[in-house]
Amino acid sequence: MLLKISNVKKNFADNQVLRDVSLEVKQGDVVVILGPSGSGKTTFLRCLNFLERADHGTMEFDGQRIDLANATKSQIDLVRKKTAFVFQNYNLFANKTALENITLGLTAGRGVNKNEAQRIGREALERVGLGDKADFYPSQLSGGQQQRIGIARAIAVKPEVILFDEPTSALDPELVGEVLEVMRKLAHEDNITMIVVTHEMKFAKEVGTHIVFMAGGYVIEEGTSDDIFVSPKEDRTKRFLSRILSENFKEHVA
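Residues numbered from 1 in each chain as written. Predicted model: local features only at pLDDT ≥ 70, side-chain atom pairs only at ≥ 80, totals over all residues. Heavy atoms only, no water.

**A short note on helix α6 (residues 173-188)**
For step 1, the next point in the chain: In this model α6 runs 23 Å from its N-terminal to its C-terminal C-alpha over 16 residues, within 8% of the 22 Å that 1.5 Å per residue would give.
For step 2, the next point in the chain: Where α6 is buried, its residues touch β3 (30-34), α4 (114-127), α5 (143-156), β7 (161-165), β8 (193-197) and α7 (201-207). (Helix = DSSP H or I, 4+ residues; strand = E, 2+ residues; numbered from the N terminus. Expected span 1.5 Å × (residues − 1). Contact = heavy atoms within 4.5 Å.)

Printed below as a string of structure tokens:
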């Protein structure tokens, strides 16, 4: 088991966002987390990278057992060095080129020398199909291209796990496919372990090796793609899928 998360709880004031969430991730898994807005999906993902501090729970990762509520700086640094986070709004520096956005984390965050960082950065750009955009600034790129830069930045640090927080939610519909295609390639060709929060049902069905459905701060149901999409057991899962798949059908017909 690469990563084991147990009994995560998180409150914002009186709002209990995560009530008792656990998850196990194996090497090479593409874990897809589905659920309605407000179910706690993004908060859970952010707690795994310490962008939010959980109130309770543990993480077993890289031979260490970490108390999420009381993790030390060295433990947080360890987790962040072995994971990467892809944000829904890209989080690129507007005053830096595509290549500079990728290399900054290598030189400033990991002590890689400039020449080596540029080599790694250009290789990452090639892997996301943007080898010719190294000197472009974010304002010169489409939303899909900016998100692919965000993915290149993530893979450049060679993480053990990449966390994707709704990576296509800020994109125009016609740009979604190019980002999902990059993620498919990373999963199938590079065997990169991913935890993906998304509403993209087709991606979840085709690429997800383990599907998690959350609602109300709980994991309601989890299993293989067939378990969740073909024969879900819980009524709450069935209602969600019925609504989402119906909406997707209407969008394609419109």
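On we go.
**Describing the packing of aromatic side chains**
For step 1, the next point in the chain: Overall, the coordinates contain two aromatic pairs when judged by the stated rule.
For step 2, the next point in the chain: Consider the rings of Phe85 and Phe87, whose centres lie 4.7 Å apart with planes at 40°: the pair is tilted.
For step 3, the next point in the chain: Residue classification places Phe85 among the buried positions, given a relative accessible area of 8%.
For step 4, the next point in the chain: When the centroid spacing of 5.0 Å and the interplanar angle of 40° are considered together, the rings of Phe213 and Phe240 count as tilted. Of this pair, Phe213 sits in strand β9 (residues 210-215) while Phe240 sits in helix α9 (residues 235-253), and the two are 27 residues apart along the sequence. (Phe/Tyr/Trp six-rings, centres within 6.5 Å; stacked < 30°, edge-to-face > 60°. Buried < 20%, exposed > 50% of the residue type's maximum accessible area, 1.4 Å probe, protein only.)

**Some points on the pattern of salt bridges**
For step 1, the next point in the chain: Summed over all chains, the structure comprises twelve salt bridges.
For step 2, the next point in the chain: Between Arg119 and Glu116 there is a salt bridge whose closest N-O contact spans 2.7 Å. Here Glu116 and Arg119 lie together in helix α4, a separation of three residues that amounts to about one turn.
For step 3, the next point in the chain: Residue classification places Arg119 among the partly exposed positions, given a relative accessible area of 42%.
For step 4, the next point in the chain: Note that Lys202 is salt-bridged to Glu206, the shortest N-O span being 2.8 Å. Highlighted residues: Lys202 and Glu206, both in helix α7, separated by four residues, approximately one helical turn.
For step 5, the next point in the chain: Judged by its relative accessible area of 44%, Glu206 falls in the partly exposed class.
For step 6, the next point in the chain: Each of Glu181, Arg184, Lys202 and Glu206 takes part in one network of salt bridges that share partners. (Salt bridge = Lys/Arg side-chain N within 4 Å of Asp/Glu carboxyl O.)

**Section: the layout of surface pockets**
For step 1, the next point in the chain: Estimates place the volume of the second largest pocket at around 570 Å³.
For step 2, the next point in the chain: As for the second largest pocket, its lining consists of 19 residues, of which Arg80, Phe85, Gly105, Arg110 and Arg153 are closest to the centre.
For step 3, the next point in the chain: Within the residue set of the lining of the second largest pocket, elements represented by two or more residues are α2 (73-82), β6 (83-86), α3 (98-110) and α5.
For step 4, the next point in the chain: The dominant element in the lining of the second largest pocket, judged by the number of residues it contributes, is α3, at six residues.
For step 5, the next point in the chain: Class assignment of the residues belonging to the lining of the second largest pocket gives a composition of nine nonpolar, six polar and four charged. (1 Å grid on protein atoms, 1.4 Å probe; cavity = no way out; pocket = protein on both sides within 12 Å on 5 of 7 lines; lining within 4 Å. Points joined across faces, edges and corners; volume = space filled by probe spheres on them. Nonpolar A, V, L, I, M, F, W, Y, C, P; charged D, E, K, R; others polar.)

So yeah, pure geometry; function would need other evidence.
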